[in-house]
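Tertiary structure, described
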Amino acid sequence: MTTSWHDFETAQPAFAETVSTRFAAFRHHVLATLRADGAPRTSGIETNFKLGELWLGSMPGARKADDLRRDPRFALSANPGPGTDMGGGDVRIAGFARWIDDPATKARFADAVSPPEPFDLFRVELTEVVRTTVDEDAKEIVLTSWRPGHPALRVQRRS
C-alpha cells in the first residue's frame, strides 16, 4: 500500500511537518536505489516538497534515474548534518518513485522550483516514514514510524 505526500500530511500533519522541516535543513540527502543486478546504490539527491507532493529530480541519464525508471523502489535518508548530534533526529522515507513524463506536470513543477533543465522527475508514493531520536533523560532510542493504512503513529522505545 502506498500514499501521496499530501495524504500523509492530511493523516499526520505534525509528523509530516517534522519530516519536511528535517529535510529542509540541508540541500543534499542520500537516496538508495536498486541496480539492475539487485545490488544497492546510494546517490546524493535534492528533494522538493511542492504542489502537495514530494518530488525527486535528476539529470537525464543519471544512474539513479535509470534505476528508478527500471525499479521504482527507493529509500531516502535526510542529511544528518555536521557533528554528531543529529539535530531533528534521523529521518528516513521509503516508497516508490514514479517517473513523470507528462509535460504539463513537469511544467508546473518547473514553474514552482526552477530546476536545471533538462531533468527527470519522480513523484514519491510513500510506504514508510521513520524518525529516530534519542531521549537523553531516559537513555533510550525512540523510533516513530508511520505507514499507509495505519491511522496512528507507532512509537517504539529501546534502551
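Description of the structure in this document. (Residues numbered from 1 in each chain as written. Predicted model: local features only at pLDDT ≥ 70, side-chain atom pairs only at ≥ 80, totals over all residues. Heavy atoms only, no water.)

Let's shift gears to the packing of aromatic side chains. Scanning all chains against the criterion turns up seven aromatic pairs. Here the aromatic rings of Phe 8 and Trp 146 are separated by 4.7 Å at their centres, their planes lie at 45 degrees, and the arrangement is tilted. Of the two residues, Phe 8 sits in helix H1 (residues 5-11) while Trp 146 sits in strand S7 (residues 140-146), which places them 138 residues apart along the sequence. In this structure Trp 146 comes out as buried when scored by relative accessible area, which is 4%. On the numbers, 6.0 Å between centres and 50 degrees between planes, the contact of Phe 23 with Phe 49 is tilted. Here Phe 23 is found in helix H2 (residues 13-24), whereas its partner Phe 49 is found in strand S2 (residues 40-50), with 26 residues between them in sequence. Taking the relative accessible area as the measure of exposure, Phe 49 reaches 25% and is therefore partly exposed. (Phe/Tyr/Trp six-rings, centres within 6.5 Å; stacked < 30°, edge-to-face > 60°. Helix = DSSP H or I, 4+ residues; strand = E, 2+ residues; numbered from the N terminus. Buried < 20%, exposed > 50% of the residue type's maximum accessible area, 1.4 Å probe, protein only.)

By volume, the largest pocket amounts to about 460 Å³. Among the secondary structure elements, those contributing two or more residues to the lining of the largest pocket are H2, strand S1 (28-34), S2, strand S3 (53-58) and helix H4 (103-113). Here the lining of the largest pocket gets six residues from one element, more than from any other, and that element is S2. Tallied by class, residues from the lining of the largest pocket come to 12 nonpolar, nine polar and five charged. In this structure, the second largest pocket spans a volume of roughly 180 Å³. For the lining of the second largest pocket, the secondary-structure elements that each account for two or more residues are strand S6 (120-135), S7 and strand S8 (154-158). In terms of residue count, S7 provides more of the lining of the second largest pocket than any other element does, three residues in total. For the lining of the second largest pocket, the per-class residue count stands at four nonpolar, three polar and four charged. (1 Å grid on protein atoms, 1.4 Å probe; cavity = no way out; pocket = protein on both sides within 12 Å on 5 of 7 lines; lining within 4 Å. Points joined across faces, edges and corners; volume = space filled by probe spheres on them. Nonpolar A, V, L, I, M, F, W, Y, C, P; charged D, E, K, R; others polar.)

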